[in-house]
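Architecture at a glance
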Amino acid sequence: MHPPTPSTHLRHRTIEAPAGRLHLVEQGTGPLVVLVHGFPESWYSWRHQLPALAAAGYRAVALDVRGYGHSSKPTAMDEYRMLALVEDNLALVHALGEETAVIIGHDWGANIAATSALLHPEVFRAVGLLSVPYAPPGGPRPTDVFAHMGGDQEFYVSYFQEPGRAEAEIEPDVRGWLAGFYAALSADTMPTQSEPDPHFVNRTGGQLRDRFPDGRLPSWLTEADLDVYAGEFERTGMTGALNRYRSMDRDWKDLTPYNGAPITQPSLFIGGSLDASTTWMADAIDAYPTTLPGLVSSHILDGCGHWLQQERPDDVNQLLIGWLDALAPTA
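Residues numbered from 1 in each chain as written. Predicted model: local features only at pLDDT ≥ 70, side-chain atom pairs only at ≥ 80, totals over all residues. Heavy atoms only, no water.

1. Digging into the pairing of strand 2 (residues 22–27)
Most of strand 2 sits inside the fold, with 6 of its 6 residues counted as buried. Side chains Leu-22, Leu-24 and Glu-26 project from strand 2 onto one buried face, and the interleaved His-23, Val-25 and Gln-27 project onto a second face that is buried too. Hairpin connection of strand 1 (residues 11–15) to strand 2: 6 residues between the antiparallel strands, including Gly-20 at a positive phi of 115°. Summarising the sheet, strand 2 and strand 4 (residues 59–63) pair through 4 bridges and their orientation is antiparallel. Directly across from Val-25, in strand 4, lies its bridge partner Ala-62. (Buried < 20%, exposed > 50% of the residue type's maximum accessible area, 1.4 Å probe, protein only. Helix = DSSP H or I, 4+ residues; strand = E, 2+ residues; numbered from the N terminus. Pairing = 2+ DSSP bridges.)

Okay, structure coming up:
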């Protein structure tokens, strides 16, 4: 049984892909727009965008990334490397009978979308990035960088590296953990600057949830929405989702031929002024004239946290549709 959605015109389907099976949710007709979610989410993160894009004349398709939801969950960690996720996106476009698509991603989905556009510009004719700016491949090994962040505190990406460690924190209470994680990165519920940063844990026996805010849900998240997310992860477990973090060093090696490479297709960036994914990577945004020479526009939503398309759906929809409408039509 699929989760409830705000429209009766959503079409659920599965396609064959390198992952084995990809679950898609589709609405509308017209030029194809692929929507890629981040952690810890699902296709449902785009529930506000699917009907809006469909009404604007687009064929909007949101997928469950491999390891999530109703898509396949390979057991080998190697199966979660970026090159594999790009191949899933190619299979999606071709399975839908299309030759090209615009691809839009949020959080990890932004990285997946950017790499898809970088490696296959002949298929992905434009790319939209939410929350996480584009930074070309290259630089130091990712786990080395993260290991030196935070001093006597451990950065959450490092915390996620050891198989089973984060699962042991999350899976006994998936719903409570998700509620706290979403609240910690939402504008109206995130900790103040004087409180401990929820992106870090104490190195001696700490957990991420130690720093989550207690109490109310963020305004964008209803109890029913939380039920959808929690239900998916209670069914699948967290390992598939966390394996994306555990594949970063493999990506670093795989993408060496593309070190420093720009994305030249038309692009869009939307970030939140209160989102650490955006503010910590301000230098990447400053480098856009070099790294995203096809950038059409870049926007920072004032007072917005990490979950952009859910916190501020009307603003994000307006920006996405305006950008899509200005793109050259498909051949």
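Read on, since the account is not over.
2. Here's the deal with the packing of helix 2 (residues 82–95) against helix 3 (residues 108–119)
One can describe the packing of helix 2 onto helix 3 by two numbers: an axis separation of 9 Å at closest approach and a directional angle of 75°. The orientation of helix 2 with respect to helix 3, classified from their angle, is roughly perpendicular. Between helix 2 and helix 3, the residues in contact are Met-82, Leu-83, Leu-85, Val-86 and Asn-89 and Trp-108, Asn-111, Ile-112, Thr-115, Ser-116 and Leu-119, respectively. Considered class by class, the residues forming the contact of helix 2 with helix 3 number 7 nonpolar, 4 polar and no charged. (Axes fitted to C-alpha atoms, helices over the stretch in contact; angles between N-to-C directions. Parallel < 35°, antiparallel > 145°, perpendicular 65-115°, else oblique. Contact = heavy atoms within 4.5 Å. Nonpolar A, V, L, I, M, F, W, Y, C, P; charged D, E, K, R; others polar.)

3. Some details on the packing of aromatic side chains
Tallied over the full model, the rule gives 25 aromatic pairs. The ring of Trp-108 is capped by Arg-244, whose NZ or CZ atom sits 4.7 Å from the centre of that ring. (Phe/Tyr/Trp six-rings, centres within 6.5 Å; stacked < 30°, edge-to-face > 60°. Lys NZ or Arg CZ within 6 Å of the ring centre and 35° of its normal.)

4. What to know about helix 2
Given 3.6 residues per turn, any residue in an α-helix points the same way as the ones three and four places further on. With 14 residues, helix 2 extends 20 Å between its outermost C-alpha atoms, agreeing within 8% with the 20 Å of an ideal straight helix rising 1.5 Å per residue. Within helix 2, 10 of the 14 residues are buried, which leaves the element mostly enclosed by the surrounding structure. Turning to helix 2, its buried residues are Met-82, Ala-84, Leu-85, Val-86, Asp-88, Asn-89, Leu-90, Ala-91, Leu-92 and Val-93. Gly-97 sits one or two positions beyond helix 2 and adopts a positive phi of about 75°. (Expected span 1.5 Å × (residues − 1).)

5. Section: the confidence of the model for the protein chain
The share of residues in the protein chain with pLDDT of 70 or more is 96%, and the mean pLDDT across the chain is 94. Predicted confidence for residues 1–7 stays below pLDDT 50, and this span has 12 contacts to residues more than four positions away or in other chains. (pLDDT = per-residue confidence, 0-100.)

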